[in-house]
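Coordinate inspection notes
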Amino acid sequence: MDKNTRICIVGGGPAGLSAGMYLEQKGYENYTILERLDRVGGKCWSPTYNGRRYEMGAIMGVPSYYAVHDVEEFCGITHDGPKLNRNYKNRQGKVIEPFEPKKNLLKIPRLLKMKKQLKKFGELLETKYKGYDVNGHRGVAEGRYDGFSQTSAKREPIKGENPNLKDLSLPFSEFCKLNGVELIQDIWIGPYTSFGYGSFDEITAGYVVKYLDFQTCMNFVKINLWTWKNGTQYIWEQLNDHLKHPARLNSTIESVERKDGKVYVTVNGKVEEYDKIIVTAPLYIPNKRTDGQKGMVDYFDAREDEKELFSKIDYERYDVLAVETKPEDHPEISYYVFDNMVPDRLGHLMVYYRRWRDTKDQVITTYALRKHKNTEEVPYEECRKMVLEDLKTMNNPASNVVNEWSVYYFPHVFSKDYADGWYDKVEAMQGKYDTYYAGEVMSFGDMDETAEYSRELVERFF
Ligand SMILES: Cc1cc2nc3c(=O)[nH]c(=O)nc-3n(C[C@H](O)[C@H](O)[C@H](O)COP(=O)(O)OP(=O)(O)OC[C@H]3O[C@@H](n4cnc5c(N)ncnc54)[C@H](O)[C@@H]3O)c2cc1C
């Protein structure tokens, strides 16, 4: 492609900003990033409270966050944040140690079985499911792997046949059953469901194992994690500051028209002309949202294939509250509440996070899911009330809510569409209307997978 190609990038989150970085590194300097809000970072949002930054969105990374590491190197920053730590409580607020055999004498046989299944699962992923952990989902439904290896920082392209990969279309709980490793769900659920990515009975195994590959999951278990002192938003603010063309904030895109090999974008009332457009913003939102976010099919001259495919996308309703407590009510550490990570406890508190351990004058943040594929959405206010009640039950009552949002989170498709080759159909559309699709739905809803997908998109098409 001509290096002077005029490229419009929709969205100034990790996917959009890293697309800018990788394009620039490849010699494409004629790019424009349009961001609808007055800040960059998207779901990496780190506001300030009492002089320190806390996390309303993304919190942590793992050592295999290679794309995030590319960004750190590009900007000369590092992961310098407070060490994470956690404990567990049951739904009555009692501290428990679910994985400690001495504290669970009756559960020893189950814990031993779990340990065996964990070993088996690790081996199966390496052998039976070879190729499972490439970024993105190309070819999986057809029993192929085709992408960039994530097992080392080199991230070289790899390709091959493996019919077993078709199993990744199953919901994760069925996938575990098929492989006789049901008990490993007790380990995976912590960094999966409580992080807002849905329940294992509804979510396709492809998403679970590509994000929580064996190594990544073990890094969570061992708490070998990265955080950033100034918050995850700082990574993307820094990247924005280091780009030749920082994102244009407060850009409201009214419409996008693609015709005669050109892309006409109407931004804040003015038409701009481009050659290509990369969309990292939501492609489809099934309901009306109070935050004004729309799917691209609503402001683009969407074609029938775009409308048809993108209408299959659903997303999680993941709610975050930042609360103050009285000093005597402040939790000593972050807590996971496994009892609340099941579908019949939708809307309840699943995790709460104490980021700053050296002071009690900072907020703690709470996390709840209020939607499951098979049930009605729990209304926002109801969920908020339940979470505040749960904090009381946990003996860490809130004295005040400082910040809150309900996030458009983890867009994904369900098993049937995944098995029907949704990803291969969308991948086949890349570039078709001078349009490229990136961001969470194309890989997974975390900082690194989205940035990595942008890297690959640039490698493959530019
Ligand atoms: C509570 C929470 C906890 C999380 N924890 C972690 C974690 O610990 N680790 C991790 O790696 N990830 C975590 N994530 C996920 C991570 O933040 C996201 O996956 C990542 O930010 C996705 O990047 P993105 O650029 O694809 O999308 P986004 O971050 O959503 O960015 C999209 C951008 O596009 C903009 N936009 C939308 N529509 C338009 C439009 N029409 N025109 C212009 N701009 C538009 C948005 O304003 C936004 O800035 C968490 C997220 C949340 C909410």
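Description of the structure in this document. Bear in mind that the values here come from a model prediction, so they are computed numbers and not experimental data. (Residues numbered from 1 in each chain as written. Predicted model: local features only at pLDDT ≥ 70, side-chain atom pairs only at ≥ 80, totals over all residues. Heavy atoms only, no water.)

A separate point is the packing of helix α1 (residues 14–25) against helix α2 (residues 66–75). Direction vectors running N to C along α1 and α2 enclose 65°, while the axes themselves pass 11 Å from each other. In this view, α1 runs roughly perpendicular relative to α2, as classed from their interaxial angle. Crossing of α1 against α2: the hand is left-handed. For the pair α1 and α2, contact is made by M21, Y22, E24 and Q25 and by A67, D70, V71 and F74, respectively. In the contact of α1 with α2, the residues fall into 5 nonpolar, 1 polar and 2 charged. (Axes fitted to C-alpha atoms, helices over the stretch in contact; angles between N-to-C directions. Helix = DSSP H or I, 4+ residues; strand = E, 2+ residues; numbered from the N terminus. Parallel < 35°, antiparallel > 145°, perpendicular 65-115°, else oblique. Left-handed = near helix turned anticlockwise from the far one by under 90°. Contact = heavy atoms within 4.5 Å. Nonpolar A, V, L, I, M, F, W, Y, C, P; charged D, E, K, R; others polar.)

A few words now on the nonpolar core. Grouped together as the largest cluster of nonpolar side chains are 148 residues, with contacts concentrated most on F121, F172, W188, Y192, W236, V265 and F310. Beyond its immediate sequence surroundings of up to four residues, Y192 is in contact with Y197, G198, F200, I203, Y207, V208, Y211, L212, F410 and F444. (Core = buried A, V, L, I, M, F, W, Y, C linked by side-chain atoms within 4.5 Å. Buried < 20%, exposed > 50% of the residue type's maximum accessible area, 1.4 Å probe, protein only.)

Under the defined criterion, the tally for this structure stands at 35 salt bridges. Between D319 and R370 there is a salt bridge, with its nearest N and O atoms 2.8 Å apart. A residue pair is termed long-range when its members are at least 10 positions apart, and D319 in strand β13 (residues 314–324) and R370 in the loop between β16 (364–369) and α10 (380–393) qualify at 51 residues. Since its relative accessible area comes to 7%, R370 is described here as buried. (Salt bridge = Lys/Arg side-chain N within 4 Å of Asp/Glu carboxyl O.)

Residues in close proximity to the ligand total 36 residues, the closest being E35, K43, M60, Y65 and E440. In this structure, an oxygen atom belonging to the ligand sits 2.7 Å away from a side-chain N or O atom of Y65. Against a free-state accessible area of 1000 Å², the protein chains account for coverage of 95% of the ligand. Looking at the shell around the ligand, the elements with two or more residues in it are α1, β13, β17 (400–412) and α13 (447–461). In terms of residue class, the shell around the ligand is made up of 21 nonpolar, 10 polar and 5 charged. (Near = heavy atom within 4 Å. Polar contact = N/O pair within 3.5 Å; in protein donor to acceptor, adjacent residues only side chain to side chain. Areas by Shrake-Rupley, 256 points an atom, 1.4 Å probe, with all protein chains shown as cover.)

Here we take up the packing of helix α3 (residues 108–126) against helix α5 (residues 185–192). Where α3 contacts α5, the axes come no closer than 10 Å and their chain directions differ by 75°. With respect to their mutual orientation, α3 and α5 come out roughly perpendicular. For the pair formed by α3 and α5, the contact residues are R110, M114, L118 and F121 on the first element and D186, I187 and W188 on the second. Class assignment of the residues belonging to the contact of α3 with α5 gives a composition of 5 nonpolar, no polar and 2 charged.

Here strand β10 (residues 262–267) pairs with strand β11 (residues 270–274) via 5 bridges, running antiparallel. Paired with V263 across the two strands is Y274, which belongs to β11. In this structure, the hairpin formed by β10 and β11 is closed by a connection of 2 residues, where N268 is found at a positive phi of approximately 45°. (Pairing = 2+ DSSP bridges.)

Below, the discussion takes up α5. Within α5, 7 of the 8 residues are buried, which leaves the element mostly enclosed by the surrounding structure. Turning to α5, its buried residues are Q185, I187, W188, I189, G190, P191 and Y192. Buried residues belonging to α5 abut α3, α4 (172–178), α6 (205–211), α7 (214–221), β14 (334–336) and β17.

This part covers the sheet that holds strand β12 (residues 276–279). Taken in spatial order, the 4 strands line up as β2-β1-β12-β18 in an open sheet, and their pairing is parallel. A single partner strand is all that each edge strand has here, and the edge strands are β2 (31–34) and β18 (435–437). Strand-to-strand twist across the sheet, computed as the mean angle between neighbouring axes with direction ignored, equals 20°. Pairing geometry for strand β1 (residues 7–10) and β12, over 4 bridges, is parallel. Its bridge partner lying in β12, C8 is registered against I277. Contacting β1, β2 and β12, α1 runs over the sheet at an angle of about 170° to β2.

Across the sheet, which stays open at both edges, the 7 strands sit in the order β6-β5-β14-β15-β16-β13-β17 with mixed pairing between neighbours. Whereas interior strands pair on both sides, the edge strands pair on one side only; in this sheet they are β6 (95–96) and β17. As paired strands, β14 and strand β15 (residues 351–354) are joined by 2 bridges and run antiparallel to one another. The partner of Y335 across the bridge, within β15, is Y352. Taken strand by strand, α10 contacts β13, β15, β16 and β17, and its axis lies near 45° from that of β13.

What follows concerns the side chain of E427. Relative to the helices and strands, E427 is located in helix α12 (residues 422–429). We classify E427 as buried; its relative accessible area is 8%. Of note is the side chain of E427, whose polar atom sits 2.7 Å from the side chain of Y453.

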